[in-house]
Amino acid sequence: MSAAVSYERVREQLERLGMESALISLDSVLERGQKEERLPVEILDDLLGRELTARFERRVQTNLKLSGLPAPKTLESFDFEAQPQVPKDVIEELATLRFLHQGENVLFLGPCGVGKSHLAIALTLKAIERGHRAYFLSLHDLVTKSRVAREKNRLEMLLRVTTRADLFILDEVGYLPLENADATFLFEVVSKRYEASKSTVVTSNKSYGQWDEIFPDPVLATALLDRLLHHATTINIRGESYRLRHRRQAGTDLTSAS
Ligand code: ADP
Ligand code: MG
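Just so it is clear, the structure is predicted and the values come from calculations on it, not from any experiment. The written sequence of each chain sets the order in which its residues are numbered from 1. In the order they appear in the text, chains get letters beginning with A and ligands get numbers beginning with 1. Totals for whole chains, interfaces and linings use every residue, but because this is a predicted model, local features are given only for residues with pLDDT of at least 70 and side-chain atom pairs only at 80 or more, for both listing and counting. With hydrogens and water stripped out, all remaining heavy atoms of the structure feed into the side-chain values.

**Quick word on the site of ligand 1**
Going by this rule: Proximity criterion: a residue is near a molecule or strand once any of its heavy atoms comes within 4 Å of it. For the purposes of these results, a polar contact is taken to be a pair of N or O atoms within 3.5 Å, where, inside protein, one atom must be able to donate a hydrogen and its partner to accept one; residues adjacent in sequence count only when each atom of the pair is a side-chain atom. Only DSSP runs of H or I covering at least 4 residues are called helices, and only runs of E covering at least 2 are called strands; the numbering of each starts at the N terminus. Three residue categories are used. Nonpolar comprises Ala, Val, Leu, Ile, Met, Phe, Trp, Tyr, Cys and Pro, charged comprises Asp, Glu, Lys and Arg, and polar comprises the others, including Gly.
Around ligand 1 lies a shell of 15 residues, among which D79, G113, K116, S117 and H118 are the nearest. Between ligand 1 and K73, the relevant distance is 2.9 Å, taken from an oxygen atom to a side-chain nitrogen or oxygen of the residue. Between K116 and ligand 1, the recorded distance is 2.8 Å, taken from a side-chain N or O atom to an oxygen atom. Counting only elements with at least two residues in the shell around ligand 1, the list comes to helix 6 (116-129) and helix 12 (242-257). Ranked by residue count, the leading element in the shell around ligand 1 is helix 6, at three residues. Class assignment of the residues belonging to the shell around ligand 1 gives a composition of five nonpolar, six polar and four charged.

**Focus: the pairing of strand 2 (residues 134-138)**
What counts, and what does not: For the exposure calls, accessible area comes from a 1.4 Å probe over protein chains only, and a residue counts as buried if that area is under 20% of its type's maximum, exposed if over 50%, partly exposed in between. If DSSP finds at least two bridges between two strands, the strands pair.
Among the five residues of strand 2, five are classified as buried, and the element is accordingly described as predominantly covered. Burial of strand 2 is two-sided: the residues A134, F136 and S138 facing one way and the residues Y135 and L137 facing the other way are all buried. Sheet topology places strand 2 next to strand 3 (residues 167-173); five bridges connect them, and they run parallel. For S138, the partnering residue across the bridge sits in strand 3 and is D171.

**Details of the pattern of salt bridges**
Let me state the cut-off plainly: Between Lys or Arg on one side and Asp or Glu on the other, a salt bridge is scored when a side-chain nitrogen of the former is within 4 Å of a carboxyl oxygen of the latter.
If you walk through the whole model with that rule in mind, you get 13 salt bridges. Two residues, E92 and K88, come together in a salt bridge whose shortest N-O distance is 4.0 Å. In this pair, E92 and K88 are both assigned in helix 4 (residues 88-95), four residues apart and thus about one turn of the helix distant. Residue E92 is classed as partly exposed on the basis of its relative accessible area, which comes to 46%. When its relative accessible area of 43% is taken as the criterion, K88 is described as partly exposed. Shared partners join several salt bridges into a network, and the residues in it are R32, E36, R38, D46 and R50.

**With respect to the packing of aromatic side chains**
For any two aromatic rings, the description comes down to two numbers: the centre-to-centre distance and the angle of the planes. For clarity, the cut-off: Only rings of Phe, Tyr and Trp enter the pairing, Trp through its six-membered ring, and a pair is recorded when the two centres are within 6.5 Å. The plane angle decides the type: under 30 degrees is stacked, over 60 is edge-to-face, the rest tilted.
Counting across every chain of the model gives four aromatic pairs. Residues W211 and F215 carry aromatic rings whose centres are separated by 6.3 Å and whose planes lie at 15° to one another, so their mutual orientation is stacked. For W211, a relative accessible area of 1% puts it in the buried group. Members of the aromatic cluster, each reached through a chain of ring pairs, are Y208, W211 and F215.

**A short note on the packing of helix 9 (residues 180-195) against helix 11 (residues 218-230)**
Any two packed helices are characterised by the angle at which their axes cross and by the distance between the axes. Rules: Axes here refer to lines fitted to C-alpha atoms; in helices the fit is confined to the stretch in contact. Angles between the N-to-C directions go from 0 to 180 degrees. The scheme is simple: roughly parallel for angles under 35 degrees, roughly antiparallel for over 145, roughly perpendicular for 65 to 115, oblique for anything else. Two helices that cross are described as forming a left-handed crossing if the nearer one is turned anticlockwise from the farther one by less than a right angle, and a right-handed crossing if clockwise. Any pair of residues with heavy atoms lying within 4.5 Å of one another is described as a contacting pair.
At a closest axis distance of 10 Å, the pairing of helix 9 and helix 11 adopts a crossing angle of 25°. By the criterion of interaxial angle, the relationship of helix 9 to helix 11 is roughly parallel. Taken as a pair, helix 9 and helix 11 cross one another with a handedness that is left-handed. When helix 9 is examined against helix 11, the residues A183, T184, L186, F187, V190, S191 and Y194 are found in contact with a partner set consisting of L220, A223, L224, R227, L228 and H230. When grouped by side-chain class, the residues that make up the contact of helix 9 with helix 11 number nine nonpolar, three polar and one charged.

**Observations regarding the packing of helix 1 (residues 3-16) against helix 2 (residues 20-35)**
Across the interface, helix 1 lies against helix 2 with an axial gap of 9 Å and an inter-helix angle of 150°. What the angle tells us is that helix 1 and helix 2 run roughly antiparallel. Along the contact surface, helix 1 presents Y7, V10, R11, L14 and E15, while helix 2 presents A22, L23, L26, D27 and L30. Grouping the constituent residues of the contact of helix 1 with helix 2 by class yields seven nonpolar, no polar and three charged.

This is how it looks when you write it as structure tokens:
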């Protein structure tokens, strides 16, 4: 078979295999191989590597869209000096995602505005960037979704969605007291993830002792906390709202400048 026929066949086969990126880079990979006198196996490696990289990047973009993440926040944009309550070394360890591979949970506790959601979002982004599927929801949204799903007889489906994600983030636990059915569903979500050794990140303005106030049944609250805390890192952030402090500091600076 002539080289030209083989070349055409390769193009056609890449297309039939859906290897779009390999097809696009075929010419440059072949050229480079020739110029650098590469071995056939090196040329193949280059071509397949490009296809895989492109697929990975597409997957990350899709996962990002499906994750429900609000405004992106990063660890790089987190001001650790402004919040000495947040242990930088612990956050850096979490950013390695070892916790996710070991199915451990992370809980950010503290009052409003201290950066709990910021840190939860930043960790979620790290997980997505490394190819994991994440699902980010406020407890309020989970409750709303579960009520709609219950009416449509689709609770099982919602439970599957929340269990499937490699990382599930439940934001803002504590602002809203739960009704019985909502609390039971939340318990099922946490239990299923616990049984599957999958990580959950929770942010809450309530300390564990106050979780009774959110749950209609203290036994359920205890059982849920048991599962969440069995393998978990808790980060307690006290201190003051970041925005309020900034606003105040800006105010002070203005006064002193005048
Ligand atoms: P929480 O979830 O604890 O109520 P957020 O994470 O939503 O608070 O933080 C409120 C706002 O302040 C967000 O815009 C967040 O990005 C910002 N913020 C909070 N703490 C910090 C910090 N230490 N460095 C940079 N931005 C911060
Ligand atoms: Mg928050």
